Amino acid sequence: MQDLIQQIENYKAEIKAFDASTPALAEEFRIKYLGTKGLVKTIMGLMKDVPVEQKKEAGQILNEFKIFVEEKYNTAKESTEQGDNSATINYDWSLPGNPTVVGTRHPLSLVRNQIVSIFQKLGFAVEEGPEIEDDWHNFGAMNLPEDHPARDMQDTFYVNNDSNGKWLLRTHTSSVQARVMQHQKPPIRCICPGRVYRNETISARAHCFFHQVEGLYIDENVSFADLKQTLYFFVKEMFGENVKVRFRPSYFPFTEPSAEMDISCLICEGNGCTVCKHTGWVEILGSGMVHPKVLENFGIDSTKYTGFAFGMGVERITQLKYRVNDLRLYSQNDVRFLKQFTGVV
Ligand code: PHE
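Residues numbered from 1 in each chain as written. Predicted model: local features only at pLDDT ≥ 70, side-chain atom pairs only at ≥ 80, totals over all residues. Heavy atoms only, no water.

## Describing the pairing of strand β9 (residues 306-313)
Working step 1: For β9, a buried count of seven out of eight residues is recorded, marking the element as mostly surrounded by other parts of the structure.
Working step 2: Pairing of strand β5 (residues 209-219) with β9, which is carried by eight bridges, proceeds in the antiparallel orientation. Considered in β9, the bridge of Ile218 is made with Gly307.
Working step 3: Pairing of strand β8 (residues 281-290) with β9 involves five bridges; the strand directions are antiparallel. Bridging from a neighbouring strand, Ser287 pairs with Phe310 of β9. (Buried < 20%, exposed > 50% of the residue type's maximum accessible area, 1.4 Å probe, protein only. Helix = DSSP H or I, 4+ residues; strand = E, 2+ residues; numbered from the N terminus. Pairing = 2+ DSSP bridges.)

## Here we look at the nonpolar core
Working step 1: If you look at the biggest cluster of nonpolar residues, it comprises 43 residues, and the most contacted ones within it are Ile115, Phe234, Phe239, Ile263 and Ile284.
Working step 2: Apart from residues lying up to four places away in sequence, Ile284 is in contact with Phe234, Val235, Phe239, Met261, Asp262, Ile263, Met312, Gly313, Arg316, Ile317 and Leu320.
Working step 3: Formed by 23 residues, the second largest nonpolar core is a distinct cluster that contains Cys192, Ile218, Leu295 and Phe298. (Core = buried A, V, L, I, M, F, W, Y, C linked by side-chain atoms within 4.5 Å. Contact = heavy atoms within 4.5 Å.)

## Observations regarding the sheet that holds strand β6 (residues 245-252)
Working step 1: The mixed open sheet is built from seven strands, whose spatial order is β1-β4-β5-β9-β8-β7-β6. Since the sheet does not close on itself, it has two edges, and those belong to β1 (125-126) and β6, each with one partner.
Working step 2: Bridging between strand β7 (residues 255-264) and β8 involves eight bridges; their strand directions are antiparallel. The partner of Ala259 across the bridge, within β8, is Ser287.
Working step 3: Here helix α8 (residues 224-239) sits on the sheet and contacts β6, β7, β8 and β9; the angle it forms with β8, its principal contact strand, is near 145°. (Axes fitted to C-alpha atoms, helices over the stretch in contact; angles between N-to-C directions.)

## Side note on unusual backbone geometry
Working step 1: In the segment running from Pro186 into Pro187, the intervening peptide bond is cis, with an omega of 0°.
Working step 2: Counting through the fold element by element, Pro187 comes out in the loop between α7 (174-183) and β4 (188-197).
Working step 3: Looking along the chain, the bond that leaves Glu256 and enters Pro257 is cis, with omega of -5°.
Working step 4: Mapped onto the secondary structure, Pro257 falls in strand β7.
Working step 5: Here Asn221, not a glycine, exhibits a phi torsion of approximately 60°, which is positive.
Working step 6: Relative to the assigned elements, Asn221 resides in the loop between β5 and α8.
Working step 7: At His278, a residue that is not glycine, the phi angle is positive and equals roughly 60°.
Working step 8: Its location among the elements puts His278 in the loop between β7 and β8.

Structure below.
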């Protein structure tokens, strides 16, 4: 046994010293040590003469030796092959490199940023909040008590599938406005961009999640005229001077009076198309004067302060601006769609 160990050590030294630095030498190495009549085979043959009680130990030693030889061969082979390639291929080092493909911003991010920057010009601060919300911030505080029929307007995903549950995926970013009113004192002037969720069947016109930018302004003497001027300003900045605007009376539990705002259809310029359902007008947002009950829910004195609020869907604005006709395109991650927005600011 001792002899065998000594012999192997000697071979190892010999192998270490073997120069296998060219493909030919590497091949010579392979034949000499790993070939069918090579050293490793011969040495493995010695196993049969080893006494039974030493077989295990000897087996280990021989196996390690085999691995040692194979590793030397593999490294030699790899490095000589590489060496060979670089010697034969003639590179033109002055050629320009492959262009790096950089991603583009998602159209919804572009439009969200645009909306945000327009309102920032008017002094609105950006506020964000959680997507998993409690019932109070999403509904209760917004004047939608538990049995309020308006809850049906917003098909809600409850967390843990518990329809009586406290936790849900927010159905609008009014929940963020609730958090702002809870923690800040008037004057408050903020916009709340973010993703919201509703239990809708996915189609070209509806999705189970979408994006909103909601706004809130509370101060002394804030009037409906302020609301209108703010939204006029937004529309002109977003869509240009020629777009027409109209308000329609509407209903939201958290605002009174409430109004929806339409703009003249940009797709058909008022002549009638499928987007505007041949009316020439498309609805882009809901708005109104903050309901006194909502103010009082947060300890804001509704005899001293008034406010307006509005909320719009980013997908809808993007659809009008970039003529996207299917809501599903926004979340399919198809680069053919996404790369069309390269260079759009
Ligand atoms: N929260 C409403 C919605 O999601 C939008 C809205 C916001 C309406 C503020 C009026 C005032 O549909």
